Amino acid sequence: LQRLEYGGNIQSQRARYFFPVTSDIALSLGYKINDKSSIGVGASYKLGWGDNWNSIRLSHQGVGLRSYLDWKIKGSFYFSGGYEQNYIALISSVTQLSNYSAWQTSGLVGLSKKYSISKKMKGEMKILWDFMSYQQIPRTQPILFRIGYSLK
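On a predicted model such as this, the values are computed, not experimentally measured, just so you know. (Residues numbered from 1 in each chain as written. Predicted model: local features only at pLDDT ≥ 70, side-chain atom pairs only at ≥ 80, totals over all residues. Heavy atoms only, no water.)

### Digging into the overall build of the protein chain
Secondary structure assignment for the protein chain yields zero helices and eight strands. Reading the protein chain from its N terminus to its C terminus gives the helix and strand order β-β-β-β-β-β-β-β. The C-alpha atoms of the protein chain give 16 Å as radius of gyration, which agrees with the globular expectation for 152 residues (15 Å, within 12%). For the C-alpha atoms alone, the extent of the protein chain along its principal axes is close to 45 × 30 × 25 Å. Among the 152 residues that make up the protein chain, the fraction classed as buried is 39%. For the protein chain, the share of sequence-separated contacts (at least 6 apart) that also reach a separation of at least 24 residues comes to 48%. Counting 19 positive and 8 negative side-chain charges, the protein chain places the averaged centre of each group 6 Å from the other. (Helix = DSSP H or I, 4+ residues; strand = E, 2+ residues; numbered from the N terminus. Rg over C-alpha atoms; globule rule 2.2 N^0.38 Å. Buried < 20%, exposed > 50% of the residue type's maximum accessible area, 1.4 Å probe, protein only. Contact = heavy atoms within 4.5 Å. Lys, Arg positive; Asp, Glu negative; His and termini not counted. Charge placed at Lys NZ, Arg CZ, Asp CG, Glu CD.)

### Things to note about the pairing of strand β6 (residues 103-116)
For strand β5 (residues 77-87) and β6, the ladder comprises 11 bridges, and the chain directions are antiparallel. Looking at the pairing, Gly 81 lines up with Val 109 of β6. Both β6 and strand β7 (residues 121-130) contribute to a ladder of nine bridges, which runs antiparallel. Residue Ser 116 lies in a different strand from β7, and its bridge partner there is Lys 122. Connecting the antiparallel pair β6 and β7 is a turn made up of four residues. (Pairing = 2+ DSSP bridges.)

### Some remarks on a positive patch on the surface
A surface patch of like charges, here positive, comprises Arg 3, Lys 32, Lys 36 and Lys 72. Relative to the elements of secondary structure, Lys 36 occurs in the loop between β2 (21-32) and β3 (37-50). (Patch = residues over 30% accessible without salt bridge, like charges linked within 9 Å, V, L, I, M, F, W, Y side chains within 5 Å. Areas by Shrake-Rupley, 256 points an atom, 1.4 Å probe, with all protein chains shown as cover. Salt bridge = Lys/Arg side-chain N within 4 Å of Asp/Glu carboxyl O.)

Below you can see the structure in the form of structure tokens.
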């Protein structure tokens, strides 16, 4: 149980096409395999903020399931990879989630920098490339920036 890591992160995207400004808020549970690597799973919620400052409107824009792998390169820098399934349609009923064609797949690779905030908390910044974004309709962002926190 001492190898478990609880975490969360946030990522925002600007409005595009018919999608509003959104923020992905995620929680994760990881397992520290050894001093150099960890794996984990998580879930995210996509919160819509509206189109601009004049039309702020909160909405349910989607959910996601995630998996990840972090492998220490040197010092506090890590190679990060992951696989995600994201439901990116407006959610009005839980039964909608069974429609598999509405889920988008993401394959992520990139770098992360981990840093200590306190004895019990650490921070993380990730820059990730979604190499599957070019196949998505509508096309999603290929480069993602995430800021996260985890409890030791």
